[in-house]
Amino acid sequence: MGKVTGFLEIDRQVHKYQPASDRIRHFREFTLPMSDQEVEKQAARCMDCGIPFCHGPTGCPVHNQIPDWNDLVYNGDWDGAIRNLHSTNNFPEWTGRICPAPCEEACTLNLEDIPVAIKTVEQAIADKAYEQGHIRPMPAASQTGKKIAIIGSGPAGMAAAQQLGRVGHEVHVFERESKPGGLMRYGIPDFKIEKHYVDARVKQMEGEGVTFHCGVNVGVDKKVSELLAEHDAVLYCGGSETPRPAGIPGAEFIGVHDAMPYLVQQNRRVGARTSSRSHGPPSRSSPVASMWSSSAVVIRPPTVSAPPSARARYV
Ligand code: SF4
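Values in this document were obtained by computation on a predicted structure and should not be read as measured data.

Teacher, can you tell me more about the overall build of the protein here?
Regarding its fold elements, the protein presents 13 helices and eight strands. Sequence separation of at least 24 residues holds for 72% of the intrachain contacts in the protein that already meet a minimum separation of 6.

Written out as structure tokens, the structure reads:
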């Protein structure tokens, strides 16, 4: 386990944020990285519970071996930690950023509202692996001769493609949009995860032999029957852009919109901008800076010209 008395001695600490005055000037992530020493102290708080509620059915859905990599980080074995993390999770730098962390909800220390900072430690392990060049292609030693098509390049499609490619299958991923990533690229704003993390995994997987076919809308541009005829297996990993109804009073008011169309639109704009100027915030007067996105619903007042009867109350 981490430090035997760590949870008694060390306060919980997670990433801090940039000041709001800085955050409003750009669309990038705004968490401030913690030092290795700070992260190791947080890992030291893990009690290595006899029944670790943090993983398994009560916690981490991908069964990350949380107490194990907390112990490795506490002991400074960051290489061992990323190897352990990759054994259950293809993309820990994604989950370390955007997962809602049911593991922390389930952590025994959450009985006192001070769970181990599991998500922060996970992100730090993955980010350090990037820094140290551990995110590199791991091609299969031999090929099976089997050809597999995957429809959709969201997290499920990419994870399946990586696993199937690494056991030696010839994998082809078909994506409707112009770039791979699905929800990761088009449904989540850059302030939660910058898209170079998606690009890096695409590059890694191309190095492992996975082929991405973008701009191919299966069922429209290519028939499913063709895919079935050309491949030994077809895996469907499509997502959905259909918003889930909020189901709250007022959701039907004028000026209340689902966020999904805005997220897709905004991610396309920011993506186009960041690919033409790799880093640096957009100027505040740019069209990009005038657009906002939300992970829930976008609420806008009705236009002034709308008749009063059409102007519902809004919050
Ligand atoms: S439940 Fe919390 S304290 Fe227990 S092993 Fe998991 S992370 Fe560590």
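Is there a simple way to explain the packing of helix 3 (residues 36-43) against helix 4 (residues 66-74) in this structure?
The relative placement of two packed helices comes down to the angle between their axes together with the axis-to-axis distance. Running from N to C, helix 3 and helix 4 cross one another at 135°; their axes reach a closest spacing of 8 Å. Between helix 3 and helix 4, the interaxial angle falls into the category oblique. Crossing of helix 3 against helix 4: the hand is left-handed. Of the residues in helix 4, those touching helix 3 at Val39, Glu40 and Ala43 are Asn70, Val73 and Tyr74. Looking at side-chain class alone, the contact of helix 3 with helix 4 contains four nonpolar, one polar and one charged residues.

Hey, could you run me through the sheet that holds strand 6 (residues 233-236) in this one?
A sheet is described by the order of its strands in space; here four strands give the open sequence 5-4-3-6, paired in parallel fashion. One side of each edge strand has no neighbouring strand; the edge strands of this open sheet are strand 5 (211-214) and strand 6. Ignoring strand direction, the axes of neighbouring strands in this sheet form an average angle of 20°. Sheet topology places strand 3 (residues 147-151) next to strand 6; four bridges connect them, and they run parallel. Note on strand 6: the bridge partner recorded for Ile150 is Leu235.

Explanation requested: the nonpolar core in the structure shown.
A general trend in soluble globular proteins is that nonpolar side chains are found buried together. In this structure, Val73, Ala81, Cys103, Ile118, Val121 and Ile125 are the most contacted members of the largest nonpolar core, which totals 32 residues. Among the elements of the structure, helix 3, helix 4, helix 5 (78-86), helix 7 (102-106) and helix 8 (118-131) are those that each provide at least two residues to this core. A total of six residues in this core trace back to one element, the largest contributor, which is helix 8. With sequence-adjacent residues up to four places away left out, Ala81 is seen in contact with Trp69, Leu72, Val73 and Ile125.

I keep staring at the site of the ligand and nothing clicks. Help me out?
Around the ligand lies a shell of 15 residues, among which Cys46, Cys49, Pro52, Cys54 and Cys107 are the nearest. At three residues, the largest contribution of residues to the shell around the ligand is made by helix 4. The residue makeup of the shell around the ligand, split by class, is twelve nonpolar, two polar and one charged.

Explanation requested: helix 5 in the structure shown.
One turn of an α-helix holds 3.6 residues; hence residues three or four places apart share an orientation. Turning to helix 5, its buried residues are Trp78, Ala81, Ile82, Asn84 and Leu85. The buried side chains of helix 5 occupy one side of the element, clustering within an arc of 160° when seen end-on. Looking at the buried residues of helix 5, the elements they touch are helix 4, helix 6 (92-98) and helix 8.

Explain the confidence of the model for the protein to me, please; I cannot follow it from the model alone.
Parts of the model with low pLDDT should not have their predicted coordinates read in detail. Taken residue by residue, the protein gives an average pLDDT of 86. The fraction at 70 or more is 86%. Here residues 276-315 is a poorly scored stretch, pLDDT under 50, and it has 52 contacts once near neighbours within four places are set aside; other chains count.

Would you explain helix 11 (residues 196-207) in this entry?
In this model helix 11 runs 16 Å from its N-terminal to its C-terminal C-alpha over twelve residues, within 8% of the 16 Å that 1.5 Å per residue would give. Of all the positions in helix 11, only Tyr197, Val198, Arg201, Val202 and Met205 are classed as buried. Each buried residue of helix 11 sits inside an arc of 140° when the element is viewed along its axis, so together they form one side. Gly209 lies just past helix 11 and shows a positive phi near 100°.

Got a minute to help me understand the environment of Arg23 in this structure?
Mapped onto the elements, Arg23 comes out in helix 2 (residues 20-23). Take Arg23: there are 15 C-beta atoms within 10 Å of it, and that puts it in the partly exposed class. Here the alpha-carbon distance between Arg23 and Phe191, two residues 168 residues apart in the chain, equals 9.0 Å. Setting aside its immediate chain neighbours within four residues, Arg23 contacts Gln18 and Phe30.

Conventions and cut-offs
Counting of residues starts from 1 at the beginning of each chain's written sequence and follows it residue by residue. The model is predicted, so local features are restricted to residues of pLDDT at least 70 and side-chain atom pairs to those at 80 or more, both for listing and for counting; the totals for chains, interfaces and linings are taken over all residues. Helix and strand assignments come from DSSP, with helices taken as H or I runs of at least 4 residues and strands as E runs of at least 2, each series counted from the N terminus. Any pair of residues counts as being in contact when their C-beta atoms, constructed from backbone geometry, are within 7 Å of one another. Angles here are taken between N-to-C directions and fall from 0 to 180 degrees, while the axes themselves are lines fitted to C-alpha atoms, restricted in helices to the stretch in contact. Roughly parallel refers to an angle under 35 degrees, roughly antiparallel to one over 145, roughly perpendicular to one between 65 and 115, and oblique to any angle outside these ranges. Should the near helix be turned counterclockwise from the far one by less than a right angle, the crossing is left-handed, whereas a clockwise turn marks it as right-handed. Amino acid classes used here: Ala, Val, Leu, Ile, Met, Phe, Trp, Tyr, Cys and Pro are nonpolar; Asp, Glu, Lys and Arg are charged; the rest, including Gly, are polar. Should DSSP find at least two bridges between two strands, the strands are taken to pair. A set of buried Ala, Val, Leu, Ile, Met, Phe, Trp, Tyr and Cys residues, joined to one another through C-beta atoms within 7 Å, is what we call a nonpolar core. Residues with at least 20 neighbouring C-beta atoms inside 10 Å of their own are called buried, those with 12 or fewer are called exposed, and the rest are partly exposed, where every C-beta is derived from the backbone. Put plainly, near means the residue's C-beta atom, positioned from the backbone, lies within 6 Å of the molecule or strand in question. It is the directions from the helix axis to the C-beta atoms whose arc is reported. As a per-residue quantity, pLDDT reports the predictor's confidence and falls between 0 and 100. What a helix is expected to span follows from its residue count: subtract one and scale by 1.5 Å.

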